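The chain contents come next:
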Amino acid sequence: MQLDPIDRRILRLLQRDASVSHDDLGAQVGLSRNACWRRVRALEQAGFIKKRVVLIDPDQVGLGLTVFLMIRTDRHGPDWLDQFAKATRDIPEILGAYRMTGDLDYLVRVRVADVAAYDTLYQKLIRRVEMADCSASFVMEELKETTELPL
């Protein structure tokens with residue numbers, strides 16, 4: 001499926017507010033409610049829309065500390081990677097885990113309440129996965145955080 005300008009506009013608007021009605025969405029892109037619904041459904045079936053979620057303010061739920069873990073390993077086999085991937089998926093405070101190029105092997109993004117909660121997470125992770133080096137950086141100020149892709 002190729003995205004046309006209307007599809008892109010629909011996706012941009014849904015990224016900002018997935019709860020918008022098909023009537024309102026259609027009005028904003030110049031389509032009828034039914035035509036808009038068909039477009040959204042086609043975008044979902046084609047995999048452009050993975051899921052619809054609610055974004056929660058982390059400070060409001062007591063998860064005000066973002067931590068980035070920089071991980072280096074001396075093991076690069078598939079067994080270690082499977083173990084690491086499973087550990088990152090199983091620990092809910094880990095919001096993202098990325099295999100990197102360059103000097104760093106993995107970058108992990110974490111949300112926790114405070115430094116003590118981070119230490120608990122760190123202890124849990126190192127019990128599950130052997131790492132050569134793990135260092136953390138604590139976010140002091142969040143300048144930009146978005147889920148919107150630049151369409």
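The structure reproduced in this document is the subject of the present report. Note that the structure is a prediction, hence the values are computed from the model and not measured.

### So, the packing of aromatic side chains
This structure, assessed with the given rule, holds five aromatic pairs. Ring geometry for tryptophan 80 and tyrosine 106: centres 5.4 Å apart, planes at 40 degrees, overall tilted. You can see tryptophan 80 sitting in helix α4 (residues 78-90) and its partner tyrosine 106 sitting in strand β3 (residues 106-112), a full 26 residues away along the chain. Residues tryptophan 80 and tyrosine 106 agree in their burial class; the two are buried.

### Overview of the pairing of β3
Of all the seven residues making up β3, six are buried; the element is thus mostly covered by neighbouring parts of the structure. Of the strand pairs in this sheet, strand β1 (residues 65-72) and β3 are connected by seven bridges, and their pairing is antiparallel. If you follow threonine 66 over to β3, its bridge partner there is arginine 111. Two elements, strand β2 (residues 94-99) and β3, share five bridges in a ladder whose sense is antiparallel. In the strand pairing of β3, alanine 97 is matched with valine 108. Turn length for the β2-β3 hairpin, with the two strands adjacent in sequence and antiparallel, is six residues, and the turn residue glycine 102 shows positive phi of about 90 degrees.

### Let's talk about the nonpolar core
Ranked by size, the top nonpolar core spans 19 residues in total, and within it Leu69, Ile71, Val110 and Leu125 carry the most contacts. Mapped onto this core, the elements with two or more residues apiece are β1, α4, β3 and α5 (115-128). Of all hydrophobic cores here, the second largest spans 11 residues; its members include Ile10, Leu25, Cys36 and Val40.

### As for α5
Taking 1.5 Å of rise per residue, 14 residues should cover 20 Å, and α5 covers 20 Å from first to last C-alpha, within 8% of that figure. Among all positions in α5, only Tyr118, Leu121 and Leu125 are buried. An end-on view of α5 places all buried positions within 65 degrees of arc, on one side of the element. Exposed positions of α5 whose direction lies more than 90 degrees from the buried face are Ala116 and Arg127.

### Some details on the pattern of salt bridges
Evaluation of the coordinates by the stated rule reveals 11 salt bridges. The residue arginine 111 makes a salt bridge to glutamate 142 at a minimum N-O spacing of 2.9 Å. Here arginine 111 is found in strand β3, whereas its partner glutamate 142 is found in the segment after β4 (133-138), with 31 residues between them in sequence. The structure contains a network of salt bridges with shared partners spanning Asp4, Asp7 and Arg39.

The rules we used
Residues numbered from 1 in each chain as written. Predicted model: local features only at pLDDT ≥ 70, side-chain atom pairs only at ≥ 80, totals over all residues. Heavy atoms only, no water. Phe/Tyr/Trp six-rings, centres within 6.5 Å; stacked < 30°, edge-to-face > 60°. Helix = DSSP H or I, 4+ residues; strand = E, 2+ residues; numbered from the N terminus. Buried < 20%, exposed > 50% of the residue type's maximum accessible area, 1.4 Å probe, protein only. Pairing = 2+ DSSP bridges. Core = buried A, V, L, I, M, F, W, Y, C linked by side-chain atoms within 4.5 Å. Expected span 1.5 Å × (residues − 1). Arc of directions from axis to C-beta. Salt bridge = Lys/Arg side-chain N within 4 Å of Asp/Glu carboxyl O.

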